[in-house]
2 protein chains.
Amino acid sequence: MSPSPSSFPEQARTLGALLRLPYHRLSKRLYAEMAASGFGEIRPSHSVVFRHLSPEGSRLTDLAEVSGLTKQSMAYLVEYLAKHDYVTVAADPVDRRAKRVLLTKRGHVFMKALLAASSRLEDELGKKIGRTKLQNLRTALADLDEAIMTLPK
Amino acid sequence: MSPSPSSFPEQARTLGALLRLPYHRLSKRLYAEMAASGFGEIRPSHSVVFRHLSPEGSRLTDLAEVSGLTKQSMAYLVEYLAKHDYVTVAADPVDRRAKRVLLTKRGHVFMKALLAASSRLEDELGKKIGRTKLQNLRTALADLDEAIMTLPK
DNA sequence: ATAGTTAGTCAGATAGGCTGACTATATTGA
DNA sequence: TCAATATAGTCAGCCTATCTGACTAACTAT
């Protein structure tokens, strides 16, 4: 160890840091749990695919756009998930250029498990810090996000 | 556009999502502002270096450990920052194996600017969503982080 | 005087993005 | 009706942020 980690004057916890810390800890934990439940192939980056997949099947381009990635990046993620049987890629019935990405059975099981783990975790946290407080936190976070989005300039 | 982005049943905003969204938006904005102020070389990943640098100079290994990166990764970040004159790397006076990473003048200027931009941004957000609410949010986030850390298993 | 530990380096891998150039198919407007 | 343009997706290649493993130099405790 070094002398004394006499940190910088007012190493103030910025709002960014306050958001980042729990976020990273939470997702690390969540994906570790998923890995332990047999979904070890899924990495955090893949969640954007699940997050926006619509039940009728989504187009690659739409998925890419809504999640703010390029088509190429999305194709890469989808290919991986298809290889591991979480999604299938089918021809679009009405547009021969397009493909539709659909959840497989395994994909559905995974999504259910992820949501379940997430809400179980959140429940435990609610017990620790208080359900009301957690609920207020949720609301405040949503409001904050809204506020950042609508910031001028 | 696709048929209708009829999203999945209860595409519930998980706590993770609620943390992620404002975090990403905030840091994107902050680093864009830094780039606009002439600090375009600094990328978000570099902030871990600044975050833990102590005024007497920190050892690479200590920086790596406290920020949860490998020595190699930290060396890579520090080298980049040194190349762009944000830090200098000097021999450790008491241990000839070791090096000490120190902020340059430019490094100090950057840190000040980052902190200033961060608090200005936070101030604007306070005006939008209410200062008290924002303060409560800060506290709640810190508590949440604590709670996640001390979760069993 | 070593044996073991610690600080940092070198080489190479992987994941998660990106841009640019391209093909195939659709749409639109003269 | 067809040429021009737009859209869906692919191929190739790049960059960044990590990691692991193997190594050298130097320090520390017997």
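Report on the accompanying structure. Remember, it's a predicted structure, so these values are computed and weren't measured experimentally. (Residues numbered from 1 in each chain as written. Chains lettered and ligands numbered in written order. Predicted model: local features only at pLDDT ≥ 70, side-chain atom pairs only at ≥ 80, totals over all residues. Heavy atoms only, no water.)

### Digging into the protein's contact with DNA strand C
Cut-off, in case you're wondering: By convention in this text, a residue qualifies as near a molecule or strand provided that one of its non-hydrogen atoms is within 4 Å of it. Polar contact criterion, stated in full: a pair of N or O atoms within 3.5 Å, where within protein one must be able to donate a hydrogen and the other to accept it, and residues adjacent in sequence count only if both atoms are side-chain atoms. Classes in brief: Ala, Val, Leu, Ile, Met, Phe, Trp, Tyr, Cys and Pro nonpolar; Asp, Glu, Lys and Arg charged; the others, Gly included, polar.
Around DNA strand C, a shell composed of 20 residues is seen, among which A:Arg43, A:Gln72, B:Lys71, B:Arg97 and B:Lys99 lie nearest. For DNA strand C, the backbone makes up 68% of the atoms found within 4 Å of the protein, where backbone means sugar plus phosphate. Contacts to DNA strand C include A:Gln72, whose side-chain N or O atom sits 2.4 Å from a base oxygen. In the model, a phosphate oxygen of DNA strand C is placed 2.7 Å from a nitrogen or oxygen of the A:Arg96 main chain. Its residues assigned to classes, the surface near DNA strand C shows five nonpolar, seven polar and eight charged.

### Regarding helix H6 (residues 131-149) of chain B
Short version of the rule: Counting from the N terminus, the helices are the DSSP runs of H or I reaching at least four residues and the strands are the DSSP runs of E reaching at least two. A helix's residues, less one, multiplied by 1.5 Å, set its expected span. A 1.4 Å probe rolled over the protein chains alone gives each residue an accessible area, and that area as a share of the maximum for its type sets the label: buried under 20%, exposed over 50%, partly exposed in between. Throughout, a residue-residue contact means that at least one pair of heavy atoms, one from each residue, lies within 4.5 Å.
Taking 1.5 Å per residue as the helical rise, H6(B) with its 19 residues ought to reach 27 Å, and the 27 Å between its terminal C-alpha atoms agrees with that figure. B:Leu134, B:Leu137, B:Arg138, B:Ala140, B:Leu141, B:Leu144, B:Asp145, B:Ala147 and B:Ile148 are the residues of H6(B) that are buried. Buried residues in H6(B) make contact with helix H1 (15-36), helix H5 (105-129) and helix H6 (131-149) of chain A together with helix H1 (15-36) and helix H5 (105-129) of chain B.

### Considering the packing of aromatic side chains
Residues and elements named next belong to chain A. Worth spelling out the cut-off: We call Phe, Tyr and Trp rings a pair once their centres come within 6.5 Å, taking the six-membered ring for Trp, and we label the pair stacked below 30 degrees between planes, edge-to-face above 60, and tilted otherwise. Criterion for a charge above a ring: Arg CZ or Lys NZ at most 6 Å from the ring centre, at most 35 degrees from the ring normal.
Counted according to the given criterion, the structure contains 10 aromatic pairs over all chains. Note on Phe 50 and Tyr 86: the rings are 6.2 Å apart at their centroids and 90° apart in plane angle, and the pair reads as edge-to-face. One end of the pair, Phe 50, is in helix H2 (residues 47-52); the other, Tyr 86, is in the loop between helix H4 (71-83) and strand E2 (87-91), and 36 residues separate them in sequence. In this structure, Phe 50 and Tyr 86 share a single accessibility class: buried. Feature note: the residues Phe 39, Phe 50, Tyr 86 and Phe 110 constitute an aromatic cluster, connected by ring pairs. Against the face of Tyr 80 rests Arg 43, its NZ or CZ located 4.5 Å from the ring centre.

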